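Listed below, chain by chain, are the residues.
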Amino acid sequence: MKKSQIINLLLVILIMLFGCFLRLKGYIANPSMWHDECNLALSVFDYGLFDFFFKKLEYLQVAPPLFMFFTKVLTVFFGYGEHVFRFIPLAAGCASVVLFYFVSGYYLKTKTSRLLALFFFSINTLLIYYSNEFKQYSTDVFCSLLVIYLFNRFDISKLSYKKAIAAGVLYSVIIWMSFVSGIVVLAGYVSALITTKYYKKVSVSAVPVLILCLLYVKLFLFASYTGTTMARAWSEEFVSRNFSNLLYLFVMSLKYFFEPVRNLLFLTIFFIWGLVLALKKRESRFYILYLTIIMLVIFSWLRLYPYAQRVILFLFPVYAIILFKPFELFSINRKFVSLLLLFMIILTFTPQVLLTGKYIKTKNHNKRDPAREFSRYVYEKIKLEDKIFLNIASNTEFEYYKHFYPVKNKVLKESPVENLKDTRVSKVIEIIEKEKGDFWIYMPYDIPHRAVSAELSDYLYKNSKVYENWRFGDAVLMYVNVK
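Definitions and limits used
- Residues numbered from 1 in each chain as written.
- Predicted model: local features only at pLDDT ≥ 70, side-chain atom pairs only at ≥ 80, totals over all residues.
- Heavy atoms only, no water.
- Helix = DSSP H or I, 4+ residues; strand = E, 2+ residues; numbered from the N terminus.
- Buried < 20%, exposed > 50% of the residue type's maximum accessible area, 1.4 Å probe, protein only.
- Contact = heavy atoms within 4.5 Å.
- Pairing = 2+ DSSP bridges.
- Axes fitted to C-alpha atoms, helices over the stretch in contact; angles between N-to-C directions.
- Left-handed = near helix turned anticlockwise from the far one by under 90°.
- Nonpolar A, V, L, I, M, F, W, Y, C, P; charged D, E, K, R; others polar.
- Salt bridge = Lys/Arg side-chain N within 4 Å of Asp/Glu carboxyl O.
- Parallel < 35°, antiparallel > 145°, perpendicular 65-115°, else oblique.
- Right-handed = clockwise from strand over helix to strand, strands pointing away.

**A closer look at the overall build of the protein chain**
Logical step 1: Counting its regular elements, the protein chain contains 21 helices and 5 strands.
Logical step 2: Considered along the principal axes of its C-alpha atoms, the protein chain spans approximately 80 × 50 × 50 Å.
Logical step 3: Per-residue burial over the protein chain gives 55% buried out of 483 residues.
Logical step 4: Across the protein chain, contacts joining residues at least 24 apart in sequence account for 75% of those joining residues at least 6 apart.

Structure (structure tokens):
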């Protein structure tokens, strides 16, 4: 092995280890589970192993059945702690760093472009964050990468019929682990049909995918999405009928993916430049990437899936590969282009590098929802005659942490039908003053667009006897006497 190859290999390994370190740092810090994590975790507490394949999850949550199944298996052996719930996202996050390098090798032809892509994939803020959260988004990234890798590694048209069918079964299993990876699988089969003459073999391979996906839709997806707030919550994030907002949604996705980068102009130029280079070279391997984006646009246009933020995080590797394609031009022989690329990348990604340095130094990884800390403190300090009040948004946090810090005191809750912002404070005061006595006001989380925890805290501070008052942003824990 040449010296340059050894140096390149060492750099690849160091970047991979660094990416894994950043993900492990947050995992070891073990911040309190926040609202959405608690919502999802309660279904793991309440459901049996196979319920996830047939039953709608609690608290309007949606997550792939195999993701929930394997999490439940882990809890059977290791308990219900935060580390256990977050283990699969962590494993997927670390594995994605490694897998991304091998996937990028099919598309980026120079060491410089692959190293840069790997480095910025490894330090990406979102990928690190979701590697330490009990949600499926980190797994979505890994599964999408796995699908792209398998379609590149194994040409279906060259497999035997038996192996082609086995490949179809494997893709189906991946979809049950991450339903959005189904978009990538669909893109893979369409690209295979475009680039091969063996239509029959590709079609036969797709049969188990079709059968198991129809079963998936009937048993799980239809029931899971019926009655949820998906369409309402993301109503502005679907591609419009005349495609007039498509450019806006694309630019916003770039902004979200590469936070805290603010130079959207250069990000967009990198992406368009990379797209032009790939199209110019007519590389058929890129078809699966193009078609993944096209399929997502179609699904969004049909209002089946939004083109927005974390729910399309699985698309990040596709964006990253295209965006770093121009760095194939980086060489001594192209001095002007190389200097231009160097200038642009420094101006674009410096905020990301600085944030990574800040993240390494930070010791506080709290997700601004200190539910565990509040629950533990109440458990240690509460008296038998004390009552507890929960705002509606903190109900699931309380229920989750009650498994670790059980209290038997009377609990009063905010009414689900009376939580409009204009009347929330008065309704809560009504509930508390009707009971009177010593209260623990437990509000580690509040509804972002109609939060009133601060207003309620101020009112109680002025109109009751306050024994203790803890406040972190919108998170509030108070111990008060109401007469």
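On we go from here.
**A word on the sheet that holds strand 1 (residues 387-390)**
Logical step 1: Reading across from one edge, 2-1-3-5-4 is the order of the 5 strands in this open sheet, with mixed pairing throughout. In this open sheet, the two edge strands, each paired with only one partner strand, are strand 2 (410-413) and strand 4 (465-472). Direction aside, the axes of adjacent strands within the sheet are offset by 15° on average.
Logical step 2: With 7 bridges connecting them, strand 3 (residues 437-443) and strand 5 (residues 475-482) associate as antiparallel partners. Among the inter-strand pairings, aspartate 438 is bridged to a residue of strand 5, identified as asparagine 481.
Logical step 3: The sheet strands contacting helix 21 (residues 453-463) are strand 1, strand 3, strand 4 and strand 5, and the helix crosses strand 4 at an angle near 155°.

**As for the packing of helix 2 (residues 35-46) against helix 3 (residues 65-78)**
Logical step 1: Packing of helix 2 against helix 3 brings their axes to within 10 Å, and their N-to-C directions diverge by 65°. Taken as a pair, helix 2 and helix 3 cross one another with a handedness that is right-handed. Residues Leu40, Ser43, Val44 and Phe45 of helix 2 lie in contact with helix 3, whose contacting residues are Phe67, Met68, Thr71, Lys72 and Thr75.
Logical step 2: Grouping the constituent residues of the contact of helix 2 with helix 3 by class yields 5 nonpolar, 3 polar and 1 charged.

**Things to note about the pattern of salt bridges**
Logical step 1: Taken as a whole and judged by the stated rule, the model has 11 salt bridges.
Logical step 2: Its salt-bridge partner being arginine 262, residue glutamate 259 comes within 3.1 Å of it at the nearest N-O pair.
Logical step 3: Since its relative accessible area comes to 30%, glutamate 259 is described here as partly exposed.
Logical step 4: Here glutamate 435 and lysine 410 are joined by a salt bridge, their closest N and O atoms 3.0 Å apart. Placement of the pair is glutamate 435 in helix 20 (residues 421-435) and lysine 410 in strand 2, with a sequence separation of 25 residues.
Logical step 5: Connected via shared salt-bridge partners are Lys281, Glu283, Lys325 and Glu328.

**Quick word on the packing of helix 1 (residues 3-29) against helix 5 (residues 87-104)**
Logical step 1: Contact geometry for helix 1 and helix 5: axes closest at 10 Å, N-to-C directions at 165°. Judged on the interaxial angle alone, helix 5 and helix 1 are roughly antiparallel. Handedness of the helix 1/helix 5 crossing: right-handed. Two secondary-structure elements touch here, helix 1 through Asn8, Val12, Met16, Cys20, Arg23, Leu24 and Tyr27 and helix 5 through Phe87, Leu90, Gly93, Cys94, Val97, Val98 and Tyr101.

**A few points about the pairing of strand 2**
Logical step 1: Sheet topology note: the strand 1/strand 2 ladder contains 4 bridges and is parallel. Among the inter-strand pairings, phenylalanine 389 is bridged to a residue of strand 2, identified as leucine 412.
Logical step 2: In terms of handedness, the path from strand 1 via helix 19 (residues 395-401) over to strand 2 forms a crossover that is right-handed.

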